[in-house]
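Coordinates in review
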Amino acid sequence: MSLALITGSSGHVGSNLIRELTKQKYKIRCIDFDGDHRAYEGFDVEIIKGDITNKDSLEPIFKDVDVVFHTAALINLDRRYKKQIRQVNVDGTRNVCE
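Another point: the pairing of strand S2 (residues 27-32). Within S2, five of the six residues are buried, which leaves it mostly tucked inside the rest of the structure. Sheet analysis places strand S1 (residues 3-7) next to S2, joined by four bridges and oriented parallel. The residue bridging leucine 5 from the neighbouring strand is arginine 29, located in S2. Taken together, the five bridges between S2 and strand S3 (residues 45-49) define a ladder with parallel strand orientation. Directly across from aspartate 32, in S3, lies its bridge partner lysine 49.

Burial of nonpolar side chains together is a common tendency in soluble globular proteins. Among the nonpolar cores identified, the biggest contains 10 residues, and these are Ala4, Ile6, Leu17, Ile18, Leu21, Ile28, Cys30, Ala39, Tyr40 and Val45. The set of elements that each furnish at least two residues to this core consists of S1, helix H1 (12-23) and S2. Ignoring any residue separated from it by four or fewer positions in sequence, one finds valine 45 in contact with Ile18, Ile28, Cys30 and Tyr40. If you look at the next biggest cluster of nonpolar residues, it comprises nine residues, including Leu3, Leu5, Ile61 and Val65.

Looking now at H1. For H1, which comprises 12 residues, the first-to-last C-alpha distance of 17 Å matches the rise-based estimate of 16 Å (1.5 Å per residue) to within 8%. For H1, the full list of buried residues reads Gly14, Ser15, Leu17, Ile18 and Leu21. Within H1, the buried residues cover an arc of 155° as seen down the axis, which keeps them to one side. Structural note: H1 exposes His12, Val13 and Lys23 on the side pointing more than 90 degrees away from its buried face. Looking at the buried residues of H1, the elements they touch are S1, S2, S3 and strand S4 (67-70). Within two residues after H1, lysine 25 carries a phi angle of roughly 70°, on the positive side.

Okay, the pattern of salt bridges next. By the definition in use, this model includes six salt bridges. Residue aspartate 78 pairs with arginine 80 through a salt bridge whose shortest N-O separation is 2.4 Å. Owing to a relative accessible area of 25%, aspartate 78 belongs among the partly exposed residues under this scheme. With a closest N to O distance of 3.0 Å, aspartate 91 and arginine 94 form a salt bridge. Residue aspartate 91 and its partner arginine 94 are located together in helix H2 (residues 82-97), separated by three residues, close to a single helical turn. A relative accessible area of 27% means that aspartate 91 is categorised as partly exposed. Residue class for arginine 94 comes out partly exposed when judged on its relative accessible area of 40%.

What counts and how
Residues numbered from 1 in each chain as written. Predicted model: local features only at pLDDT ≥ 70, side-chain atom pairs only at ≥ 80, totals over all residues. Heavy atoms only, no water. Buried < 20%, exposed > 50% of the residue type's maximum accessible area, 1.4 Å probe, protein only. Helix = DSSP H or I, 4+ residues; strand = E, 2+ residues; numbered from the N terminus. Pairing = 2+ DSSP bridges. Core = buried A, V, L, I, M, F, W, Y, C linked by side-chain atoms within 4.5 Å. Contact = heavy atoms within 4.5 Å. Expected span 1.5 Å × (residues − 1). Arc of directions from axis to C-beta. Salt bridge = Lys/Arg side-chain N within 4 Å of Asp/Glu carboxyl O.

In C-alpha cells:
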C-alpha cells in the first residue's frame, strides 16, 4: 500500500483528494498546520504537525512517503497580504519540492 502525503489537506481540494485516495486504498498522511481536522473527520489519516513555510519541520513528515499531493496555498487577492502569499505559495512550494 502506497503512502500519500497531502499538503493543504484541510482545504477544498485536499479534503476531496482524501476521499478519492481512500477509495484507491492509499495510506494517507496529512500535514496539520492549523489544527482544523474537520475536512477529514472520520477518515483514516495520519496527522503530523508541520508547516510548509518551515523547511526544518518537513523532514520527518516526508519519511517513507511514496507520492506527494501539494495542494496547500494561500488564496487572497488583497495586496496587503502579498508577503504572506509569497511565503506560502512560493517559498512553501519550494520547501515541499526540495
